[in-house]
Structure formats: structure tokens, C-alpha cells
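Tertiary structure, described
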Amino acid sequence: MSADFSLQANVINLFSNTITPATVHVAGGRIRQIEPLGPTVPDPALPYALPGFVDAHVHVESSLLVPSEFARLAVTHGTVATVSDPHEIGNVLGVAGVKYMLANAAQVPFKFCFGAPSCVPATPFETAGAEITAADIEELFRYHPEIGYLAEMMNWPGVLSRDADVMEKIALAQRYNRPVDGHAPGLMGDDARRYAEAGISTDHECFMAGEAVDKLAAGMKILIREGSAARNFEALIDLLPEHYEHLMFCSDDKHPDTLLLGHIDQLVQRAVTRGQDVLKVLRVACRNPVEHYRLPVGLLREDDLADFIVVEDLVDFKVRQTYLDGVLVAENGETLIAPAPVEVVNNFTPHHVQAADFQVSIEKANSGSIDDSQPNTNATVRLIECFDGQLITARHDEPALVENGCVVPDLSRDILKLTVVNRYHAAPPAVAFIRGFGLKGGALASSVGHDSHNITAVGCDDASLARAVQLVMEARGGLAVVSPDGQELVLPLPVAGLMSDQPGPDVAAAYSAVDAAAKALGSPLQAPFMTLSFMALLVIPSLKLSDKGLFDGEAFRFVENVVLGD
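Residues numbered from 1 in each chain as written. Predicted model: local features only at pLDDT ≥ 70, side-chain atom pairs only at ≥ 80, totals over all residues. Heavy atoms only, no water.

In this section: the sheet that holds strand β8 (residues 147-153). The parallel open sheet is built from 5 strands, whose spatial order is β5-β6-β7-β8-β9. For this open sheet the edge positions go to β5 (53-58) and β9 (180-182), each flanked by a neighbour on one side alone. In this sheet, neighbouring strand axes are inclined to one another by 25° on average, regardless of whether the strands run parallel or antiparallel. Where β8 lies against β9, 2 bridges are found, and the strand directions are parallel. Paired with Leu150 across the strands is Val180, a residue of β9. Against the sheet, helix α1 (residues 67-74) makes contact with β5, β6 (79-84) and β7 (111-116), and its axis sits at roughly 135° relative to β7, the strand it touches most. (Pairing = 2+ DSSP bridges. Helix = DSSP H or I, 4+ residues; strand = E, 2+ residues; numbered from the N terminus. Axes fitted to C-alpha atoms, helices over the stretch in contact; angles between N-to-C directions. Contact = heavy atoms within 4.5 Å.)

Structure follows, in C-alpha cells:
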């Protein structure tokens, strides 16, 4: 229960754009009075009180934590609310997965706003564990008021073509007075305008300033994203002085090790350090998401709910206290939210894989055969290239390295094997080739593979790939590293194959261990497992891999051949 109390601070008002020394009186979970102390300029002897930070778009599942544990870490950084899209667990368990997130979140005093997933499965070109229909979305809107919006509409081609199913889901959101989130990487000009006209209100996928400007002109709000893999802050932050009323901050995907260190507070600090006006930055971080999503979150005004934070200064933004409904939930970097019981739910059908399953044979060309004595044949491999800090990939055709009639990884050119293995039923793995992971031996595998969450793995040889995938199978979900010397490390994720049932700091430590093991294999990526999880994300160009095959994200169709011969 909340206690009545008062505190003195330099109070930030994001409506009058003032910073005034005052006494804040809290009673019954609300701000009852903000009593000025006299001076109209900040008192350097006092800390600063401001509305709490809001992550305007995040998949809690990507933290590898259940919502209650995510909340326990987030409040230490001044985050009081998130706009959370549960489509990761929705792809595994359907509506039951969404309800699981609601139930777990309800055990803690954090302000989660969950969305109704709009695209489950994300595409018809992959195997998901469930489907969420328009009827399911209506049920969520009707019976669960905590479902606050229609989550990211990734089927942008369907929006542009005014697909009947897509438009029915958008119409449902409008009927129930819920905003609609967008997801349209690279969409510009007239296409961006038509996308917004269909009822889409936000986009968090902009990776170029010009793209964001086009979408702003079309009436959309732009979310500046800085997560564990996708990092667009530098590309977009200079839009803030002119467009701050229409911007928000988000993480999208945040792994537990980085969440342990910081959250939206880091983006605020970076923006202010770059010389951005602090009141405009705080409007982006605090006020805009509350107003856009109509969150039940106070903004530090009289009669508001007492959701606010106290920081030492407006440079480092070190959080002293975080309050939710007048309750102190974090102090000096320590969470005061008690752990909640974690139920384990899943949808996983383990099956055995072996090295031979990952071989890529070359069909004989014409009447002749490939000359295996020559390492560089005329065979060509279609190659995915991934980039650090980006979800997009490039595509290349490269000469294949052939041994015994099979295309094999070529470590000298950083060409590794990528595979996606169906987790829901036994099926042959899909195999392709990728550059950018930089491994010098061994393999990585993960059951976190956006958006259908089949097992995605990358490796230097078939035996290591098979073993890494098998470790994930045996754990019924997790992250695995297999080293060339036979060492193995697994982080189990028993909740839907996406989340741990352990405390947040323990998961962060375990994740740091597998992350370090992946980097010890040679990967230069900041977050190898996060990048790996996006190599099956078909709705982001240009070339990706599903459990059904290699996919062209620009043409939105499968690529016929991974390897081409003469």
C-alpha cells in the first residue's frame, strides 16, 4: 500500500516547461499538492523530480525474462511503464500466451500496456506455433481493458493493398478506440502516406532520417529505437529539435545484460549530452507515450497518479527513487519489488538432428559433375550478409567452396552455415549461408528466432551445428554455444522457449556467459544471439531464412535456389 509522504525537489513540469523547487505532497497514491518553495530557478542543493520514463515499444520476451522480472530491473532505471507487444509468445502459444503475459504482469506494481498481436503468424512463409485471428483480437479488446492497442502491423504490403483481413483488424482497433502500431522498414513517399492513411499511427523501424521525415509528414509518430541489436538513435536523434512533439523512445528488444545496466534513461542521457534541450528530451521519454497510448500513468501534476522518479541531476540522470502509485519501488539502484511466482508454459516438440541433416549437396550440372579436386568451382552460393546494430541484411552471390559434392563454410571469407529448424514438429532443416558472424569454429543456436521462434543456428561445420541445435531441443528452448574443443554452454528458456523462470540478475549473468562464449568463437557482433534471432525475421529486408527456405524480404517470396551451378 502507498504511504502518505512529502519530498522536496526541483520539480519538472512538462506542460509549462518549467523546473521549480517545490515540496511534492503524496497521499492515497496521488500527487495532492505541489507547493513551490519560493525561488523560480532550480536549487542546486536539491535533486530533480520528473515523470517516469516509458519504453514506447518493447517485446518483453526478448529480455529473456517474464514480465514480473523485467519490471524488477526496469524500475531501477526509472522506467515506470512499457508499451509491450506480446507477439513473440503469441507466435508460440496464441491468445493463451498473451493471457500468460497479462497474468504474470499483474503480480507486480509496474504499468504494462500490452497490445493485441496483429500478425500471428507474421507471414505464411514460416511455421508458427499458433494463430491469432481477428476474432481473437476482438476478444482481447472486449474482455481485457489492459490490452491498450493493436500491436505492430508488420504486413505492410497487406496494408498498402488494403487486404481484407488486415483492414478488419485495423477496423477493430478503431472500433474499440485503440491506436494501431506500425512496422514498415524503408517505406517512404506515397507508400508511407497510404500506410498512415489506413490508420497506422506509429513506426519504430526507421533506420534513415529521410524515411522518418516522410512518415512524420504523413502524420505518424516516430519511435527512436536503441535496443540490443537494432540501433537507430544516431540516425534519428537530430530530428528531435523540430519534431519532439511527435517522437518517442523505445528499445524494441533488450537483452537482460544490457537491461541490467540501463534502459530509457540511457537514451535521455545520450540526447542531453549531445546538446538536445532537456525538456524536449523528457517530453519524448515521458509525456508523449503516455498521451499517445492513453496510459494510466501520472505525469507529475496535482491529482495525477504518483508515478514519478527522483534523479540526482539532469546530466547523468542517476535514479535515486522510483515511485509507482505513491509506492517506492526502487531506490539507489536496488529494486524493491518482490519476486513473483513464475509458471512454466511451452509449445515444443523435440526431435533428433544429426550432422548429415545440414549438408548442402550440389546437383550435377548438365551431364557432367563438379570437379571436387578444385576448391573454387563455378557453383555460386546465395549469401546473406548481416550487420552489427541492424535488422536489415544484404544479399550477395559468392563463389561456393565445395568438398565431396557439398557446399561447405569458408571461414577465410567468413561464409558460415545458417539453419532454421522447426521446433513444433519434425521436419528437415532449412539451410543457407551467411556472412557477418565471424565465427572461427563451433556454432550458436537459439530458440528465440523472430517471429515464429523456430530454432535458428549459425556454425562453422555440420557437427557443431547439429550439436548446438540438439542442446536447444533437449532444453525445450534456450541459447547454446558449442566450441571446437567440445565445450558446451546452455542458457535454458523453459517459458515458451523464450523466457527464463529465474530471477533477472541470474539470467543476466547466465546470458553474459553465453554471450562471452559466442564472442570467444570470434564473433565481432555486439549481441551475437540477438542478431541471430533476427535472421529468420522475414518482414525485414533483404534476405532471410525461415524453416521453409531462403526468403526475399523485398519481393516477399522464396528464393528458389541457395546454390547455383553451371
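With that settled, consider the layout of surface pockets. By volume, the largest pocket is sized at about 320 Å³. Residue lining of the largest pocket: 18 residues in total, with Pro121, Ala122, Pro124, Asn155 and Asp165 positioned closest to the centre. The element that contributes the greatest number of residues to the lining of the largest pocket is helix α6 (residues 164-175), accounting for 3 residues. Residues that form the lining of the largest pocket fall into these classes: 10 nonpolar, 4 polar and 4 charged. (1 Å grid on protein atoms, 1.4 Å probe; cavity = no way out; pocket = protein on both sides within 12 Å on 5 of 7 lines; lining within 4 Å. Points joined across faces, edges and corners; volume = space filled by probe spheres on them. Nonpolar A, V, L, I, M, F, W, Y, C, P; charged D, E, K, R; others polar.)

To continue, consider the nonpolar core. Within the largest apolar cluster, 183 residues are counted, with the highest numbers of intra-cluster contacts made by Phe53, Tyr195, Phe249, Leu282 and Phe437. The dominant element in this core, judged by the number of residues it contributes, is helix α13 (residues 278-292), at 8 residues. Non-local contacts of Tyr195, meaning those with residues more than four positions away in its chain, are made with Met153, Trp156, Val159, Leu160, Gly182, His183, Ala184, Leu187, Ile200 and Met220. (Core = buried A, V, L, I, M, F, W, Y, C linked by side-chain atoms within 4.5 Å. Buried < 20%, exposed > 50% of the residue type's maximum accessible area, 1.4 Å probe, protein only.)

Relative to strand β20 (residues 406-408), strand β19 (residues 393-403) runs antiparallel, the two sharing 3 bridges. Each residue of the ladder has a partner; that of Val402, found in β20, is Val407. The turn linking β19 back onto β20 is made up of 2 residues, and Asn404 within it adopts a positive phi angle of 55°.

Below, the discussion takes up α13. Across its 15 residues, α13 extends 20 Å between first and last C-alpha, which sits within 8% of the 21 Å expected from 1.5 Å per residue. Its axis deflected by about 40° at Val284, α13 carries its strongest bend there. Along α13, 13 of the 15 residues are buried, which leaves the element largely enclosed by surrounding structure. Its side-chain oxygen placed 3.1 Å from the backbone nitrogen of Leu279, Asp277 serves as the N-cap of α13. In the stretch just after α13, Arg294 is the one whose phi turns positive, near 55°. (Expected span 1.5 Å × (residues − 1). Bend = angle between axes of the 7 residues up to and from the residue. Polar contact = N/O pair within 3.5 Å; in protein donor to acceptor, adjacent residues only side chain to side chain.)

On to the side chain of Ser500, then. For Ser500, the location among the structural elements is in the loop between β26 (488-492) and α15 (504-520). Since its relative accessible area comes to 4%, Ser500 is described here as buried. A polar contact is formed between the side chain of Ser500 and the backbone nitrogen of Gln502, at a distance of 2.9 Å. Apart from the residues lying within four places of it in its own chain, the contact partners of Ser500 are Leu64, Val66, Pro492, Leu493, Pro494, Val495 and Val507.

A few words on the pairing of β6. A regular strand places its side chains on the two faces of the sheet in alternate fashion. Burial of β6 is extensive: 6 of the 6 residues sit out of reach of the surface. Examined bridge by bridge, β5 and β6 share 4 bridges and lie parallel to one another. Bridging from a neighbouring strand, Val54 pairs with Ala81 of β6. In this view, the connection linking β5 to its parallel neighbour β6 by way of α1 has right-handed handedness. In the sheet, β6 pairs with β7 via 4 bridges, with the strands oriented parallel. When the sheet's bridge partners are listed, Ser84 is paired in β7 with Phe114. (Right-handed = clockwise from strand over helix to strand, strands pointing away.)

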